[in-house]
Amino acid sequence: MKLLVVENVTKKFGGLVALNGVSFEVDRGEFVAIVGPNGSGKTTLLNVINGVYKPDGGRVLFEGRDITNLPAYARAKLGMSRAFQVPRPFPELTVLENVIVGAVFNGGYDLHKAREVAREVVDYVGLGRRANELAGRLTFNELRLLELARALAGRPKLLMLDEVMAGLNPGEIDNMTKLIRKIVEEKGISALSLVEHRMKAVVQLAHRVVVMHQGRVIAEGPPNIALNNPVVVEIYLGK
Ligand code: ADP
């Protein structure tokens, strides 16, 4: 059974059709990148998948269960975690405390176990030395890592990532990409990541790429095949 199935999803904002019959799937242990120009519907798609928006048509299935009408918090409890592009941690709590909050509320751990899990994921993302620092004092890159740790502490089966590379320098992007790949490989978690098109290196690390344009999926497949699709090439060269 597929972990996530998005079936013929449509989402309109007034007269604007942001998603127009989008279908795709994510397997267990798969790293799928969603690429596409600005305004192609990537963020709206993630919002429909994690329950921020209800679609106007179509369904979202998670482990075979229709979750189209479940609120976001209930989806988090089923194992869907999202790491946002602009992290909003509690600035007056430490790194570790922020992650403990994620472990309690989304992972469903008791406080004792939550501390243990939080310590482990903070180390895992490379923030071990900053564990007792106030979140408000972190650098931008560290905030992104904290956001990832917070999402991981929620015991996800599916990790949804907004454009987590945006604003990072090349070394940080390299580190983040390898970390995501490592999470998928070592922890068996699936990742669904929005990627700016220019970040080719990131896209190459995905198992599969879903290319969006004007609210539709226009190509899908392994990175080299999807990105060399003549329609995809034309859209990007035409920009
Ligand atoms: P992307 O993430 O690929 O840049 P978005 O999903 O943000 O694309 O946007 C897709 C389209 O939907 C765009 O035309 C955008 O202006 C529109 N849109 C997104 N969110 C809203 C909203 N809350 N209200 C109205 N229009 C929106």
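Residues numbered from 1 in each chain as written. Predicted model: local features only at pLDDT ≥ 70, side-chain atom pairs only at ≥ 80, totals over all residues.

Trainee: Hey, could you go over the overall build of the protein chain for me, with residue numbers and the actual values?
Mentor: What the protein chain contains, in helices and strands, is nine helices and 10 strands. Against the globule reference of 18 Å for 239 residues, the protein chain gives a C-alpha radius of gyration of 18 Å, in line with a compact fold. Structurally, the protein chain occupies a C-alpha span of about 50 × 40 × 35 Å along its principal axes. By residue count, 41% of the 239 residues in the protein chain fall in the buried class. For the protein chain, contacts bridging at least 24 residues in sequence account for 65% of all contacts bridging at least 6. (Helix = DSSP H or I, 4+ residues; strand = E, 2+ residues; numbered from the N terminus. Rg over C-alpha atoms; globule rule 2.2 N^0.38 Å. Buried ≥ 20, exposed ≤ 12 C-beta atoms within 10 Å, placed from the backbone. Contact = placed C-beta atoms within 7 Å.)

Trainee: So, the pairing of strand β9 (residues 208–213): which residues are in play, and what are the values?
Mentor: On any regular strand, side chains alternate: one points to one face of the sheet, the next to the other face. Sheet analysis places strand β3 (residues 31–35) next to β9, joined by four bridges and oriented parallel. The residue bridging I34 from the neighbouring strand is V210, located in β9. Where β9 and strand β10 (residues 216–221) come together, five bridges link them in antiparallel fashion. When the bridges of β10 are listed, H213 appears paired with R216. (Pairing = 2+ DSSP bridges.)

Trainee: Which residues make up the environment of I34, and what values go with them?
Mentor: Structurally, I34 can be placed in strand β3. Accessibility expressed as a C-beta count within 10 Å gives 27 for I34, which makes it buried. Apart from the residues within four sequence positions on either side, I34 is in contact with K42, L45, L192, S193, L194, V195, V210 and M212.

Trainee: Quick rundown of the sheet that holds strand β8 (residues 190–195)? Include the residues and the values.
Mentor: Here we have six strands laid out as an open sheet, ordered β6-β7-β8-β3-β9-β10, and mixed in their pairing. Each edge of the open sheet is held by one strand with a lone partner, namely β6 (80–83) and β10. On average, each strand axis in the sheet is tilted by 20° relative to the strand beside it, whichever way the strands run. In this structure, β6 lies alongside strand β7 (residues 158–161), joined through four bridges in parallel fashion. When the bridges of β7 are listed, S81 appears paired with L159. Together, β6 and β7 form the strand contacts of helix α5 (residues 140–153), whose direction differs from that of β6 by roughly 170°. (Axes fitted to C-alpha atoms, helices over the stretch in contact; angles between N-to-C directions.)

Trainee: Outline the sheet that holds strand β5 (residues 65–66), supporting the account with residue identities and numerical values.
Mentor: Spatially, the four strands line up as an open sheet ordered β2-β1-β4-β5, and their pairing is antiparallel. Whereas interior strands pair on both sides, the edge strands pair on one side only; in this sheet they are β2 (16–26) and β5. The pairing of strand β4 (residues 57–62) with β5 spans two bridges and is classified as antiparallel. Bridging from a neighbouring strand, F62 pairs with R65 of β5.

Trainee: For the site of the ligand, give the residues involved together with the corresponding values.
Mentor: In the neighbourhood of the ligand, the contacting residues comprise F13, L16, A18, G36, N38, G39, S40, G41, K42, T43 and T44. With three residues, the single largest contributor to the shell around the ligand is helix α1 (residues 42–50). (Near = placed C-beta within 6 Å.)

Trainee: Before we move on, can you summarise the nonpolar core with the specific residues and values?
Mentor: Counting residues in each nonpolar core, the largest one holds 70 residues, and the members touching the most others are I34, V99, A118 and A149. Looking at which element gives the most residues to this core, the answer is α5, with seven residues. (Core = buried A, V, L, I, M, F, W, Y, C linked by C-beta atoms within 7 Å.)

Trainee: I'd like a description of the environment of V104, backed by residues and values.
Mentor: Within the secondary structure layout, V104 lies in helix α3 (residues 95–105). Separated by 50 residues in sequence, V104 and K54 have C-alpha atoms that sit 26 Å apart.

Trainee: Lay out the domain arrangement of the protein chain in plain terms, naming residues and giving numbers.
Mentor: Where interface size is given, it is often the accessible area lost as the parts come together that is meant. In terms of domains, the protein chain is made up of domain 1 (1–79 + 157–239) and domain 2 (89–155). When each unit is reduced to the centre of its C-alpha atoms, the spacing between domain 1 and domain 2 is 24 Å. Taken together, the contact pairs 10 residues of domain 1 with nine residues of domain 2. For the side of domain 1 that touches domain 2, the secondary structure elements donating two or more residues are α2 (72–78) and α6 (170–187). Looking at which element gives the most residues to the side of domain 1 that touches domain 2, the answer is α6, with three residues. Here the residues of the side of domain 1 that touches domain 2 are counted per class, giving six nonpolar, two polar and two charged. (Domains from an automatic or database assignment. Nonpolar A, V, L, I, M, F, W, Y, C, P; charged D, E, K, R; others polar.)

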